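Summary of the model geometry
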Amino acid sequence: MTEQTHRFKAVIAGKPYTIVGQATDDHMRAVTTLLNEQFKQLKQVSPDISKEDAAVLMAFNAISDQLKMAAAVDAAATAATAATAATSTSAEQPQAPTKETGE
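Residues numbered from 1 in each chain as written. Predicted model: local features only at pLDDT ≥ 70, side-chain atom pairs only at ≥ 80, totals over all residues. Heavy atoms only, no water.

A look at the nonpolar core
Counting residues in hydrophobic clusters, the biggest one holds nine residues: Phe-8, Ala-10, Ile-12, Ala-13, Met-28, Phe-39, Ile-49, Ala-54 and Met-58. Sorting the residues of this core by element identifies strand 1 (6–12), helix 1 (25–45) and helix 2 (51–91) as the ones contributing at least two each. Per element, the largest residue contribution to this core is three residues, and it comes from strand 1. Setting aside anything within four residues of it in sequence, one finds Ile-49 in contact with Leu-42, Lys-43, Ala-54 and Leu-57. (Core = buried A, V, L, I, M, F, W, Y, C linked by side-chain atoms within 4.5 Å. Buried < 20%, exposed > 50% of the residue type's maximum accessible area, 1.4 Å probe, protein only. Helix = DSSP H or I, 4+ residues; strand = E, 2+ residues; numbered from the N terminus. Contact = heavy atoms within 4.5 Å.)

Here's what the structure looks like:
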């Protein structure tokens, strides 16, 4: 089933935007809320920051977080693959031949 593209109206940093996408309205609201919270925090720390500079810093932070999460997913996948390979390898280890005695 294909998700439908729809329009979502948001106010970010006091400016209205129409976002077009496939995410749910709940997702879009959550993103809008987080953006506004981050913008507010940046303005508190640096009151003279322009909206443009704040947007660049928020985009930088978002991409940084995205890269960290992708690296964590890759590391987890690599660890899972290594664990699976180790389990398979140890299960397939040939047994040392034993010497039978004729007693």
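So that's the structure; there's more coming.
Here we look at the environment of Leu-42
Mapping Leu-42 onto the fold places it in helix 1. Note: C-alpha distance between Leu-42 and Ala-54 (12 residues apart in sequence) is 6.7 Å. Leu-42 has contacts with Ile-49, Ala-54, Leu-57 and Met-58, leaving out every residue within four places of it along the chain.

Digging into the pattern of salt bridges
Tallying each qualifying case throughout the model produces one salt bridge. The closest approach of N and O atoms between Arg-29 and Asp-26, which form a salt bridge, is 2.7 Å. You can see Arg-29 and its partner Asp-26 sitting in helix 1, three residues apart, about one turn around the helix. By relative accessible area, which is 42% here, Arg-29 ends up partly exposed. When its relative accessible area of 56% is taken as the criterion, Asp-26 is described as exposed. (Salt bridge = Lys/Arg side-chain N within 4 Å of Asp/Glu carboxyl O.)

A short note on the environment of Ala-55
Considering the arrangement of structural elements, one finds Ala-55 in helix 2. The sequence separation of Ala-55 and Leu-35 amounts to 20 residues, and the corresponding C-alpha distance is 9.1 Å.

Details of the pairing of strand 2 (residues 15–21)
Note: strand 1 against strand 2, seven bridges, orientation antiparallel. Residue pairing for strand 2: Ile-12 is matched across the bridge by Lys-15. The hairpin turn running from strand 1 into strand 2, its antiparallel successor, is two residues long, and Ala-13 in that turn takes a positive phi close to 55 degrees. (Pairing = 2+ DSSP bridges.)

What to know about the environment of Gly-21
Within the secondary structure layout, Gly-21 lies in strand 2. For Gly-21, a relative accessible area of 14% puts it in the buried group. Along the primary structure Gly-21 and Gln-4 are separated by 17 residues, whereas in three dimensions their C-alpha atoms are 8.1 Å apart. With residues up to four places along the chain from it excluded, the contact list for Gly-21 reads Gln-4, Thr-5, His-6 and Met-28.

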